[in-house]
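# Structural overview for review
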Protein chains: 6
Amino acid sequence: MTGLVTLGEAMVVVSANEPGPLAPGRIASLSFAGAEATVAIGVSRLGHPAAWIGKVGADAAGAMIVAGLRAEGVDVSRVRTEPALATGLMLRERRTADRTRSAYYRKRLAGSCLGPENVDDELISASRLLHVTGITPALSDSARRAVRHAVVVAREAGVTVSLDVNYRSLLWSRNDAAAELGFLVRHADLVFAGPQEAQLLVGDAPPEQTARALTALGPRQAIVKLGAAGALVAVDGDVLAQPAVPVTVVDPIGAGDAFVAGYLAAHLDGAPPAERLLTAATCGSFAVSVHGDWEGLPRQGELPLLTGDDVIR
Amino acid sequence: MTGLVTLGEAMVVVSANEPGPLAPGRIASLSFAGAEATVAIGVSRLGHPAAWIGKVGADAAGAMIVAGLRAEGVDVSRVRTEPALATGLMLRERRTADRTRSAYYRKRLAGSCLGPENVDDELISASRLLHVTGITPALSDSARRAVRHAVVVAREAGVTVSLDVNYRSLLWSRNDAAAELGFLVRHADLVFAGPQEAQLLVGDAPPEQTARALTALGPRQAIVKLGAAGALVAVDGDVLAQPAVPVTVVDPIGAGDAFVAGYLAAHLDGAPPAERLLTAATCGSFAVSVHGDWEGLPRQGELPLLTGDDVIR
Amino acid sequence: MTGLVTLGEAMVVVSANEPGPLAPGRIASLSFAGAEATVAIGVSRLGHPAAWIGKVGADAAGAMIVAGLRAEGVDVSRVRTEPALATGLMLRERRTADRTRSAYYRKRLAGSCLGPENVDDELISASRLLHVTGITPALSDSARRAVRHAVVVAREAGVTVSLDVNYRSLLWSRNDAAAELGFLVRHADLVFAGPQEAQLLVGDAPPEQTARALTALGPRQAIVKLGAAGALVAVDGDVLAQPAVPVTVVDPIGAGDAFVAGYLAAHLDGAPPAERLLTAATCGSFAVSVHGDWEGLPRQGELPLLTGDDVIR
Amino acid sequence: MTGLVTLGEAMVVVSANEPGPLAPGRIASLSFAGAEATVAIGVSRLGHPAAWIGKVGADAAGAMIVAGLRAEGVDVSRVRTEPALATGLMLRERRTADRTRSAYYRKRLAGSCLGPENVDDELISASRLLHVTGITPALSDSARRAVRHAVVVAREAGVTVSLDVNYRSLLWSRNDAAAELGFLVRHADLVFAGPQEAQLLVGDAPPEQTARALTALGPRQAIVKLGAAGALVAVDGDVLAQPAVPVTVVDPIGAGDAFVAGYLAAHLDGAPPAERLLTAATCGSFAVSVHGDWEGLPRQGELPLLTGDDVIR
Amino acid sequence: MTGLVTLGEAMVVVSANEPGPLAPGRIASLSFAGAEATVAIGVSRLGHPAAWIGKVGADAAGAMIVAGLRAEGVDVSRVRTEPALATGLMLRERRTADRTRSAYYRKRLAGSCLGPENVDDELISASRLLHVTGITPALSDSARRAVRHAVVVAREAGVTVSLDVNYRSLLWSRNDAAAELGFLVRHADLVFAGPQEAQLLVGDAPPEQTARALTALGPRQAIVKLGAAGALVAVDGDVLAQPAVPVTVVDPIGAGDAFVAGYLAAHLDGAPPAERLLTAATCGSFAVSVHGDWEGLPRQGELPLLTGDDVIR
Amino acid sequence: MTGLVTLGEAMVVVSANEPGPLAPGRIASLSFAGAEATVAIGVSRLGHPAAWIGKVGADAAGAMIVAGLRAEGVDVSRVRTEPALATGLMLRERRTADRTRSAYYRKRLAGSCLGPENVDDELISASRLLHVTGITPALSDSARRAVRHAVVVAREAGVTVSLDVNYRSLLWSRNDAAAELGFLVRHADLVFAGPQEAQLLVGDAPPEQTARALTALGPRQAIVKLGAAGALVAVDGDVLAQPAVPVTVVDPIGAGDAFVAGYLAAHLDGAPPAERLLTAATCGSFAVSVHGDWEGLPRQGELPLLTGDDVIR
């Protein structure tokens, strides 16, 4: 039985190695990224079978993404290769040591063209958890329908639904986003959001109230991610807080998805909310202490490296 | 007075440093490319004022291209920055030491949207040479019209027109290409083509006959590029041949454009055909002995490095 | 149904990037290697399910090997992780551009301790092809028994047995090797050997005679690998020759295993001997045109890159 | 009309990539540096035409510097190439993560031989701002005369004169420096100095008093650079302070020149003193968040990246 | 007269350049390491003749270690090359920016096989200082006897004996370690220990008491290393403290050995305890501000770079 | 007893890693070079004690050179550190894959200021071989006197004198060179020259005649280096030829000095002329198969790697 199923877009990432404006002769590293793919990798590394549904092009970039996910133990048997479309790409400039700027090549490309026909109902129905984000529905109409379809299938099958709000203002209007995310949150059992993202759904409020307000929309668990300030969860009427796990930050990208992966993996472990938050925060710290979106995610048994008293040599 | 004006598309190039399939963690180098931009750089490096007309996005990639051309002394005052479109990108896999595969992100992006309105008639009329290629008209309708417009303006002003056939089968059909390239070749004074490209215009024949046949279409000079076998030119009823200048090949990309740059620079120098061919072949060898499309092009005074008897230490 | 099952040792490879003696501050690349693992990757890349049986340590090196094989689609479900032993390691100095020297850290480590108890009889019996090499039996007594056991199981189940002689003079004496390899060749359907390796089994003779002599020991197909001179196969009384496929050599390591992978994949495709040899030679050329033992192996559809007339741009 | 004209020396920089003593096999990056060149780049990047006057050798290093400045839009039409002299060079060891040591190869080389004959009086007279530093007059007698000449020409033409004291104790004695810098400061409208540099001119005092004392020597605006403690300006009898803009420091070199560039660009914008200081401090922070002296300088529109509330993704 | 003699094991270090799990294609740097070798290098760099006794294999790794020590001026005339054994190796994964994990390949290899027969009694008797650590006796019986032998020889010759406790729990049991280290500390004149290491010998106590308790076992000077909290020394009944010298940490490995090297070099200089501690702390900070175990150690005249008021440009 | 003493200049080398014009952001490698230093390293690596006499600055570059020579076992006890002068530097551009251009920073710097007072007469008198080149006398008057002095001392002490003509046309006039080299060759026992260098001394002639003509000037052995065409020696009236040892060329620099080192090491071994030539040619091939001037030189026991039948794996 698959622990987690997720669906979305994954893109090649071309990421300048050193801070500074792009210039001829500069060196960049290749990898791939996608919020849902990162969550699938994180959950798989922590020991739960995870599957990712998405589309890639019939090109070197697509082959790299599929092999990369497979290396991490993610089930890619439902990934479709689109012969006529290129795999999406993101070009990341590290403008300064702290500021990253990305150009996206994704519109009308393979990943954005995911549709309901790519969703495997049986796979979802036979899994324990479906995870979706607010990025995929913003990519195209068909992608929006794919996410809705997956959520509806999961609900009907009694599969837990997890939603990371992940509002991307460049992809759609505030109104469109509020409408679609409203639908999704009402069908979700767990919801993750940053304070500004949550505002879209429940208005402006302090984090604790925000978390409670999110549960009022339907989800049993609402997790508010506060970055360096940690996170809190509203569950069963209680609100628990968790500070960030201290670590030297190498690359802030991917922290939020790593957090979600940790939370969901602990959820699949049957861990109580406080432990879920701790695992989540630890995964976030692992992610930012390594370059790349998912490369730093912890494997089973590695969590104590950052939280334990282990003397490491 | 500008020596050479050219117009076309320039893209960011992300080029894997080592041979092998793309994979997470692999290193790539950033640069930019574009057949006409390479010709402008080559002509400028050899001492003739050169201008490039094109469009880039209002992004880091576009800024890199403009700065890169400016560094080489190319006049970029007519480059337009398109606020709403991204700069095109090419992802190059060196699949083996000898085989490169590229994925293009260019459709509907800034460079492809060049139009007649971007062409500066006065600049062209006041220049000595207009150079166009068969790539730009294949990018979009507006780009096709831009090239036609530039050629017509040049002809009317008595400016020499140079055409590199550069047939790209992925961008348009053989029929569309034959029609448009037929128009351009009939308006050109110089035409450059590989044997297979020439076939599109004059049918299959040995190189020498091909060159003569091309002149029969209108151009006074027809140059057939034969790669490692050198090149030949038909001019004034004569055909001259030039073997390739021997060199260790590091990266075969850009050889053809470098060849054209060398030929046109020698043309602007007033050199006779045999010397034009030699300069052209030398530029081609410089280009392939350095990574990148244009980085290896020779500066004034450097040509004897490959052709002369100079002892270099 | 698994196409190919193989068993052996895989080690981390630390390979100096540039030629020259090892020195502080020099840069090296990490990867992994193992003759049988390379064959499994090659067969998997060409579209046939492949499984690799072996042991790794419970360390970062072991995790890297397992993830690396999984990325390539190789079934690693029978790989055992040995908690008390380290994964083997090979330190490669490129002493000159053409000469590599390796130090091995493998004795009594995880990979060498493979034993018959690690062999999954059912997996073998349900596969189409078992591939073994002369390296694994030379590693330890238990490894020798594991290989014998696998071969016997395959024979009993009617599974085709492939043997690459791969004689390593540093690991065992000529006499020990001749005895064990004699046993294996008598139980094999296909045998691969270099001319010097074959000498161990059939004495000194020209390649064609060598190939015929090998078939006289039992195998229906005997393939003699001649490096830059290509290869030949004796099958059904005929001997066919195949020259090497020309390519720029970047790293000669892994050519032999790539050759075997290509041959076996074509065998699984049901291709005739001449096509098997061509696929084998092409795979060998792919391997040497990329750094690393297996990184350059072709994926389905890539073979024409080196053999076809494809214009690649 | 040129916004800023400046004159000075520019050298190739060979900068060890990693901290530690120089050793065979270590990797270094190539770039170029020069206080005035950095200011010209910074002003040009922020949108004001800037010209740099200097001398380079007829070598690869000189060509690199000229192309590098041209890439940044700096007018290099007055740069002279000295056929008989080499371009200067600086070898930078990063002895520890925080401590850089440089060896200079500049004496009697091209850049040091700048003379009054290289100064284009018309260019200066037609510009809005002349910027000079205390480094150039310390290089040679002719360079000293060149700077004096430029300052006199500017004063006579009513062009604003800016001076960065930039006292380099290795290049001249305290007495010589005090005399020459005294002359320059008396002819300057703006003066920039660190606290220790200012001491040379106005004795020891707290920063605020120092700034006031500098204006008493003639300049209408005196800016004291305090590094991590920010900066303050005395202007029209007022003293304004500006803290440093917080940023992760990657390479502290170039901060002072970036600060000056920002101040002068804002001055050319007609911005009030407080805004000039903020732009200056922001430019300083951009510079130190990227490797190299000038590479990190902000382009127009980028200032809010460090100061604004922009959510960057 | 040799200032310092030491004996121990040195291994090749393969150290991943970037944080993250090991993966194919990742880049690593080669160097060598060994606690005693680092001390010898540190003492030599600060101007005192130092000799290192140890064994290496007859391989590229062994040649690298010997050349590396020789480069630093360490006397390697007593290093033995063992033809039949490989040089040890350590594979370092930087799992996160702050956490390093190492796999060791050392058991039964050249360095571990050091024995009393490799100890040159005359060299020790003619030196001013013998330095040993708690690592070497944990490697093998013969290594244990070698260390004991060296200590006894030194005592008899009136040579000062220094011991760095350096307890490695992976190499031997707490009981074995306590017994052997107890013997060594009773024969030592100087002893260095971290708080947890000291516990093995004198039980749990605050640092100051720990230092005093260590002197009660025999040594005249006992230095407790407290990492970021600095260090303290008990000598002649007094306890002196020294905070850490502030520095940007690039790589924490090697700090302890650098500290010992600084202390012993200052001891050989005849410096008083407070100055020894300051030199020790400064060496520790040099070491951590550069990658590698010993690469950052200061040379004579460099100490003021971190402690002095030198303006460095 | 020292096998070989030599004297000369050594410089830091900054060598661009990739072919192409120098540009900001390009990567270079640091090393050091000097014809005589390379010979000393080569002879030392092949097992004969070698000493190098020269001057370096009191800077990081000087320290690097001394440590680098010491690592290779070269006796550096007579190297003088000049507190007031910088160490020389060479900036190498690889303009194309095959063409290197260097800028030298050496005039009036430490290495050029070597003088007779730096020559240790006793060291020379007690050695078996003195090696000098035609580069050092071209650096300065004092360097010229130093070389003459060394040669005279050697002759008087009956020490064999070896001269590599090494004519550098940029450093002195043909006439000056002919005069000084004439003096040196008349005092030499062995002389090495390329065909064009030999012309300076014996006029134009085919290689064999050139070799004989050189012996007519005094030397008992005259070796003519013919690059890719091998070399020949005239000795005792005979002329022996040696083809080049085939190898993949990575970096042609240093081949000549490696050749000399091999010849002299074999001479010190007492090998006959044919074996000396073979060792020389093999050393030349080792040198060009590795980047850098001396890095690739063979160590004892490594010669068969290129010449023997060793199967290396």
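Heads up: the structure comes first, above all this text.
A brief look at the structure comes next. The structure presented is a predicted model; accordingly, all values stated were derived computationally and were not measured.

In this complex, chain B contributes 26 residues to the contact, which on the side of chain A involves 26 residues. Interface area, chain B with chain A, both sides summed: about 2,100 Å², of which 73% is carbon and sulfur. When residues of chain B are sorted by the area they lose upon contact with chain A, Pro24(B), Leu30(B) and Tyr105(B) head the list and together hold 30% of the total. Put simply, chain B and chain A have zero salt bridges between them. The interface formed by chain B and chain A includes seven residue pairs in polar contact (both at pLDDT 80 or more). Taken together, the elements giving at least two residues each to the side of chain B that touches chain A come down to strand S3 (27–33), helix H2 (60–71) and strand S7 (89–94) of chain B. Here the side of chain B that touches chain A takes six residues from S3(B), the largest share from any one element. Of the residues in the side of chain B that touches chain A, the class split is 17 nonpolar, six polar and three charged.

Let us look at helix H8 (residues 255–269) of chain D. All names here are of chain D. Taking 1.5 Å of rise per residue, the 15 residues of H8 would be expected to cover 21 Å, and the 21 Å separating its terminal C-alpha atoms lies within 8% of that figure. Of all 15 residues in H8, 12 are buried, a share of seventy percent or more. When we look at burial in H8, the residues that qualify are Asp257, Ala258, Phe259, Val260, Ala261, Gly262, Tyr263, Leu264, Ala265, Ala266, His267 and Leu268.

Next up on the list: the sheet that holds strand S4 (residues 50–53) of chain C. Residue and element names in this part refer to chain C. If you trace the eight strands from one edge of the open sheet to the other, you get S4-S1-S9-S10-S11-S12-S13-S14, paired in mixed fashion. Unpaired on one side and paired on the other, S4 and strand S14 (238–242) mark the two borders of the sheet. Ignoring strand direction, the axes of neighbouring strands in this sheet form an average angle of 15°. The pairing of strand S9 (residues 129–133) with strand S10 (residues 160–164) spans five bridges and is parallel. When the sheet's bridge partners are listed, His131 is paired in S10 with Ser162. Running over the sheet, helix H6 (residues 195–202) touches S10, strand S11 (190–193) and strand S12 (221–225) and is turned about 120° from S11.

Superposition of the two copies of the chain requires a rotation about an axis and a shift along the axis. Take chain B, turn it by 180°, move it 0.0 Å along the axis, and it overlays chain A with an RMSD of 0.0 Å. Between the two chains, the operation in question is that of a two-fold axis. Every residue of chain B has its C-alpha some distance from the rotation axis, and the shortest such distance is that of Ala28(B), at 2.6 Å.

Before going further, it helps to spend a moment on the relation of the copies chain D and chain E. Mapping chain D onto chain E is achieved by rotating through 120° and translating by 0.0 Å along the same axis, at an RMSD of 0.0 Å. Accordingly, the operation relating the two chain copies is best matched by a three-fold axis.

Take the pattern of salt bridges next. A complete count under the given rule lists 84 salt bridges over all chains for this structure. Among the ionic pairs, Arg78(D) bridges to Asp120(D), the shortest N-O distance being 2.7 Å. Here Asp120(D) lies in the loop between strand S8 (100–105) and helix H3 (121–125) and Arg78(D) lies in the loop between helix H2 (60–71) and strand S6 (80–82), a separation of 42 residues in the sequence. Since its relative accessible area comes to 22%, Arg78(D) is described here as partly exposed. Ionic contacts of the salt-bridge type, sharing partners, join the residues Glu93(A), Arg95(A), Arg101(A) and Glu302(D) into one network.

The sheet built from eight strands is open, its strands ordered S8(C)-S7(C)-S2(C)-S3(C)-S3(E)-S2(E)-S7(E)-S8(E) with mixed pairing. Whereas interior strands pair on both sides, the edge strands pair on one side only; in this sheet they are strand S8 (100–105) of chain C together with strand S8 (100–105) of chain E. Ignoring which end each strand starts from, the neighbouring axes of this sheet average 30° apart. With three bridges connecting them, strand S3 (residues 27–33) of chain C and strand S3 (residues 27–33) of chain E associate as antiparallel partners. The partner of Ile27(C) across the bridge, within S3(E), is Ser29(E).

Quick look at the interface of chain D and chain E now. In this complex, chain D contributes 17 residues to the contact, which on the side of chain E involves 19 residues. Across the interface of chain D and chain E, roughly 1,400 Å² is buried in total on both sides, 50% from carbon and sulfur atoms. We note a salt bridge from Arg95(D) to Glu302(E), for which the minimum N-O separation is 2.8 Å. The interface formed by chain D and chain E contains seven residue pairs in polar contact (both at pLDDT 80 or more). Per-element tally for the side of chain D that touches chain E: the top contributor is S8(D), with four residues. Its residues placed into classes, the side of chain D that touches chain E shows five nonpolar, five polar and seven charged.

Turning next to the arrangement of the chains. Here chain B and chain E are not in contact; the least distance found between their C-alpha atoms is 7 Å. Here chain A and chain F are not in contact; the least distance found between their C-alpha atoms is 7 Å.

Moving on: the side chain of Glu295(A). The residue Glu295(A) is located in the loop between helix H9 (273–288) and helix H10 (304–307) in this model. Salt bridges are absent for the buried Glu295(A), whose nearest opposite-charge side chain, Arg26(E), sits at 6.4 Å. A distance of 2.6 Å separates a polar atom in the side chain of Glu295(A) from a polar atom in the side chain of Ser31(A). Engagement of the side chain of Glu295(A) in a polar contact is seen with the backbone nitrogen of Asp293(A), the distance being 3.3 Å. For Glu295(A), the contacting residues outside a window of four places in its chain are Ser31(A), Arg45(A), Val290(A) and Pro21(E).

Conventions adopted
Residues numbered from 1 in each chain as written. Chains lettered and ligands numbered in written order. Predicted model: local features only at pLDDT ≥ 70, side-chain atom pairs only at ≥ 80, totals over all residues. Heavy atoms only, no water. Contact = heavy atoms within 4.5 Å. Buried area = accessible area lost by both parts, 1.4 Å probe. Salt bridge = Lys/Arg side-chain N within 4 Å of Asp/Glu carboxyl O. Polar contact = N/O pair within 3.5 Å; in protein donor to acceptor, adjacent residues only side chain to side chain. Helix = DSSP H or I, 4+ residues; strand = E, 2+ residues; numbered from the N terminus. Nonpolar A, V, L, I, M, F, W, Y, C, P; charged D, E, K, R; others polar. Expected span 1.5 Å × (residues − 1). Buried < 20%, exposed > 50% of the residue type's maximum accessible area, 1.4 Å probe, protein only. Pairing = 2+ DSSP bridges. Axes fitted to C-alpha atoms, helices over the stretch in contact; angles between N-to-C directions. Least-squares fit on C-alpha atoms with pLDDT ≥ 70 in both. Lys, Arg positive; Asp, Glu negative; His and termini not counted.

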